[in-house]
Amino acid sequence: MRITVTVDGSKYTDDVEPRMLLVHYLRERAGKVGTVVGCDTSNCGACTVHLDGHSVKSCSVLAVQADGCEVTTVEGLARDGRLHPVQQAFHDNHALQCGFCTPGMIMQSIDLLADNPDPDEQAIREGLEGNLCRCTGYQNIVRAVRDAADHMSPGAGPEAEQIKHVGVGGE
Amino acid sequence: MTATVEPEVGKARRRKEDERLITGRTRWTDNIALPGMLHLAVLRSPLAHARITSIDPSAAKELPGVIAVYTAADLDPEGSIGMPCAWPVTPDMAAPRRPVLAAERVNFAGEGVAVVVARSAAEAHDALEAIEVDYDELPPVLDMEAALAEGAPLVHEELGSNKNAVWVFDSAGAGTGGDVEQALSSSEIVLKRRFRQQRLVPAFMEPRACVVDPTGPQLTLWSATQVPHILRVMAALTLGIPEHKLRVIAPDVGGGFGGKIAVLPEEMMALLIAGKLGKPVKWNESRSETMLAAHHGRDQIQDITVSANADGTLTGLKVELLANLGAYNGLVGPGVPILGAFMFNAIYKIPAYHFACTNVFTTTTLTDAYRGAGRPEATFAIERIIDELADELGMDPLELREKNWIRHEEFPYTTVAGLTYDSGNYEAATAKAKELFGYDALRREQAERRAANDPVQLGIGVSTFTEMCGLAPSRVLGSLDYGAGGWEYASLRMLPTGKVEVTTGASAHGQGHETAWSQIVADQLGVPFEDVEVLHGDTQSAHKGMDTYGSRSLVVGGIAIVKAAEKVVAKARPIAAHLLECAEDDLEFTGGRFVVKGTESATTIQDIALAVFAAHNLPDGVEPSLDSDATFDPENFSFPHGTHLCAAEVDTETGRVSLRSYVCVDDIGKVINPLIVEGQVHGGLAQGIAQALYEEAVHDESGTLTTGTFADYLLPSAADLPSFTTARTETPSTTNPLGAKGVGEAGTIASTPAVVNAVVDAVRQFGVDDIEMPLSPMRVWRAVQSGAASNDGGAQ
């Protein structure tokens with residue numbers, strides 16, 4: 001089947017097998033290997049991306065279902081060399097170790113903040129329930145999401161989501 | 001060029017590693033795509049134990065995209081290849097050959113029987129279903145005690161037994177303490193308990209994967225491994241590949257926790273197949289395959305006996321273990337329970353000790369190293385039974401510990417197990433933990449809720465621990481029959497522009513080595529943090545090493561880096577003296593500068609690097625190089641310790657456990673980066689708490705793994721865990737120049753007994769004195785019910 005999908009702002013038109021999962025389409029056809037596969041039961045959330053602005057586990061969506069949609073992956077978040085505030089908050093709060101779950105965690109956190117711009121700890125923990133991490137014990141991830149909430153106006157578009165921080169590296 | 005003034009060591013530096021990981025510009029093994037690359041998929045046995053009567057791959061070979069299907073007969077026609085075990089714990093240890101693919105028999109559900117090579121991963125997986133295998137089912141061997149019984153079905157018939165090895169330590173025999181039987185028979189109190197360490201899955205988030213490229217002058221193997229250097233040696237020994245013809249790269253690796261220490265049959269298959277076909281091949285497993293075929297951890301039955309005087313003074317300790325190795329010896333699997341042998345005596349002064357471990361083969365997935373490897377198991381058993389002893393004596397559990405622990409002024413202290421603990425301050429860590437936790441107030445609240453018959457009871461769990469960290473001293477490892485040493489390697493190169501490249505033989509998989517090592521180098525050389533690049537995980541850049549496990553990267557690998565830096569400074573000194581026209585003895589090296597004492601005359605090490613590159617003006621006979629190599633092999637382990645306190649609320653009507661607060665004070669000696677340390681502790685706590693409350697790998701009576709996905713195996717999510725209060729005391733290690741001790745396992749080791757002690761403490765008034773892990777609501781509820789029922793019975 002022929003599909004047309006906009007991924008991180010670029011339009012892709014491809015013939016795909018009907019059974020192809022969106023995550024495999026992103027990795028193998030669009031070259032978006034920043035989105036990873038951690039399980040085969042849709043439990044871990046490592047493959048979370050945004051489909052028309054909402055988080056989905058891209059292992060539970062067929063590529064053909066994304067026909068005509070806009071997909072944002074972790075690779076499409078930084079704009080003009082500036083990190084998304086949630087990316088910045090993950091760095092600032094040491095919210096990652098091996099980093100394998102991180103793209104999915106970041107994408108889910110952005111969606112969580114769009115739904116609830118001022119979440120308390122419990123709301124953050126519940127909002128991240130579908131994303132598993134083995135390294136961090138989650139505490140710094142929760143802290144990072146709260147920190148991001150303090151630094152951004154989620155859902156207000158790229159400009160409002162790109163405030164206060166510049167680049168990675170250093171103190 | 002400016003030199004840093006403020007020390008880097010001790011600073012909460014945010015990580016260098018993060019940039020690529022938060023932007024998705026990573027190098028996971030599964031991201032590697034090479035021209036003409038083919039894909040492997042492994043057909044795995046659905047049965048735990050069976051004879052293979054026939055394998056017919058012909059239909060699979062006809063399917064679209066399929067290039068080849070191989071069985072054992074194709075890959076290893078002589079039947080001579082055996083997966084390596086590096087730790088023969090006794091001279092008579094049983095060592096059945098573990099083939100790359102099963103030929104005649106399968107010995108666990110998940111063992112590979114055939115491998116498909118296809119153009120795409122999807123086509124390779126499609127073809128698995130078309131391979132016809134006939135099995136003649138054999139009785140599974142699942143229970144360790146049944147496996148050792150007379151007439152039990154045998155995992156390996158040729159061995160005549162399911163016993164792998166028996167390993168014994170006796171303090172009277174070793175001269176480290178008294179006779180335990182005498183201690184037990186002459187003591188006022190003897191308490192014996194049986195604890196079960198359930199089987200766990202390491203559950204790193206990135207499934208295992210490898211890519212082999214046979215084109216070019218060398219075979220290149222990328223693997224999601226913790227041990228690229230060990231893998232290269234083992235692949236060379238296993239397959240006869242000349243070592244210099246094999247380059248192993250561990251790119252970004254998505255977690256290990258000991259679970260990526262194994263040398264994999266799939267890696268050997270990929271090397272063999274890439275060699276046969278002359279094309280690059282990739283194997284990338286699904287999560288379900290990981291759960292079945294990547295090694296598991298723990299799985300021990302622990303019979304532990306302590307003896308004491310009526311005042312609580314410990315007099316003896318006896319431990320008898322059964323350890324389930326699964327179907328074969330793993331790379332270090334037989335040695336894992338032996339590591340625990342040295343830690344059962346924990347922080348206590350115990351005058352007599354006996355330890356015996358029987359390793360058992362069963363028709364289950366292999367067990368091998370898992371975070372802490374042997375030490376969490378030991379700490380669990382001793383900390384549980386100390387709590388039970390406190391109850392028996394009517395003492396506060398912390399008071400009993402204090403009565404028996406090694407006092408701060410008694411270090412260095414040689415234990416009954418023969419280790420010399422260099423430093424420690426259990427008093428300080430415990431005092432701080434008690435204060436942060438609000439111990440006395442919580443005990444009062446507990447008493448009130450008990451008196452009020454509150455349906456939600458409060459329990460307080462205590463766990464103190466120490467561990468042997470920085471697995472290294474080669475002589476000690478040799479005395480334990482481990483096949484390799486424990487040294488670590490580093491090299492350091494000053495580049496012409498004054499930047500620094502440092503390579504380490506340690507291999508990172510999420511710990512933040514690039515950041516921590518850069519901090520160490522920045523201080524040693526007085527160069528900016530940003531000017532340091534750390535190279536690791538590639539046998540070509542870091543040409544030798546012992547890799548990363550057992551919290552050795554800092555206390556062994558970090559010291560190798562310090563040694564390498566010292567050599568560079570020593571090489572720079574005569575050059576600095578020559579350039580500054582002074583005697584070497586007149587120079588002081590501080591903050592990256594060689595200064596002529598008492599003058600303003602100075603030059604930086606970074607300027608010297610350029611002078612060495614130009615080599616126009618060097619002293620006679622001096623080599624134009626500011627490079628160095630160093631290998632460090634410590635004399636002793638390091639011994640981090642800590643006190644962990646957990647408050648758990650237990651709903652006695654539903655069995656639900658919720659953690660109300662968790663406080664830990666760890667003493668890991670000198671801290672390089674507090675941010676990284678805190679993250680390691682958090683992650684360790686989550687893993688240890690998960691063992692106490694959630695996780696278990698379960699086989700049904702046929703030997704099928706019933707917890708084969710993340711839908712069945714309960715890895716906790718953010719919603720299942722609380723926030724932790726972590727703090728530290730700092731008693732530097734005296735056995736290495738950094739004073740560091742290591743932190744990777746601390747949280748995992750101490751938290752499991754803290755949580756179980758808390759839950760048992762909450763429901764002790766119902767007559768409960770133990771609950772098997774994981775403490776599911778059902779198990780807790782049943783314990784309360786049966787305890788309450790027997791209490792009622794007693795009252796009638």
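Worth saying up front: this structure is predicted, and the values here are computed from it rather than measured.

Regarding the sheet that holds strand β1 (residues 2–7) of chain A
Residues and elements named next belong to chain A.
Logical step 1: On the basis of which strands lie adjacent, the open sheet formed by 5 strands has the order β2-β1-β5-β3-β4 and mixed pairing. The open sheet terminates on both sides in strands that have one partner only, identified here as β2 (10–15) and β4 (54–57). Within the sheet, the average angular offset between the axes of one strand and its neighbour, ignoring direction, is 35°.
Logical step 2: When strand β3 (residues 48–51) meets strand β5 (residues 70–72), the two strands line up antiparallel, connected through 2 bridges.

Let's talk about the domain arrangement of chain A
Residues and elements named next belong to chain A.
Logical step 1: Partitioning chain A into domains gives domain 1 (2–76) and domain 2 (85–150).
Logical step 2: The interface of domain 1 with domain 2 comprises 18 residues on the first partner and 11 residues on the second.
Logical step 3: The contact between domain 1 and domain 2 buries some 1,100 Å² in all, and 58% of this surface belongs to carbon and sulfur atoms.
Logical step 4: Interface area lost by domain 1 to domain 2 is led by Thr 48, His 50 and Val 74, which between them contribute 38%.
Logical step 5: For the interface between domain 1 and domain 2, the tally reads 0 salt bridges.

Remarks on the interface of chain B and chain A
Logical step 1: Contact residues are listed per partner, giving 55 residues for chain B and 47 residues for chain A.
Logical step 2: Both sides of the chain B and chain A interface together cover about 4,400 Å² of buried area, and 54% of this is carbon and sulfur.
Logical step 3: Taken as a group, Arg 14, Ile 22 and Met 205 of chain B account for 19% of the area that chain B buries against chain A, more than any other trio of residues on that side.
Logical step 4: Inspection of the region where chain B meets chain A yields 5 salt bridges.
Logical step 5: Between Arg 19 of chain A and Asp 126 of chain B there is a salt bridge, and its shortest N-O distance comes to 2.8 Å.
Logical step 6: At the boundary of chain B and chain A, one finds 26 residue pairs in polar contact (both at pLDDT 80 or more).
Logical step 7: Elements with a minimum of two residues in the side of chain B that touches chain A: α1 (18–23), α4 (121–128), α10 (287–293) and α20 (674–693) of chain B.
Logical step 8: Broken down by element, the side of chain B that touches chain A gets its largest block of residues, 10 residues, from α20 of chain B.
Logical step 9: Split by residue class, the side of chain B that touches chain A holds 26 nonpolar, 17 polar and 12 charged.

With respect to the state of the cysteines
All names here are of chain A.
Logical step 1: Evaluated as defined, the whole model comprises 0 disulfides over all chains.
Logical step 2: Free of any disulfide, Cys 39 has its nearest cysteine sulfur in Cys 44, 3.8 Å distant.
Logical step 3: When its relative accessible area of 6% is taken as the criterion, Cys 39 is described as buried.
Logical step 4: Just so you know, Cys 101 is unpaired, no disulfide at all, and the nearest cysteine sulfur is the one on Cys 133, 3.8 Å from it.

Basis of the calculations
Residues numbered from 1 in each chain as written. Chains lettered and ligands numbered in written order. Predicted model: local features only at pLDDT ≥ 70, side-chain atom pairs only at ≥ 80, totals over all residues. Heavy atoms only, no water. Pairing = 2+ DSSP bridges. Helix = DSSP H or I, 4+ residues; strand = E, 2+ residues; numbered from the N terminus. Axes fitted to C-alpha atoms, helices over the stretch in contact; angles between N-to-C directions. Domains from an automatic or database assignment. Contact = heavy atoms within 4.5 Å. Buried area = accessible area lost by both parts, 1.4 Å probe. Salt bridge = Lys/Arg side-chain N within 4 Å of Asp/Glu carboxyl O. Polar contact = N/O pair within 3.5 Å; in protein donor to acceptor, adjacent residues only side chain to side chain. Nonpolar A, V, L, I, M, F, W, Y, C, P; charged D, E, K, R; others polar. Disulfide = S-S within 2.5 Å. Buried < 20%, exposed > 50% of the residue type's maximum accessible area, 1.4 Å probe, protein only.

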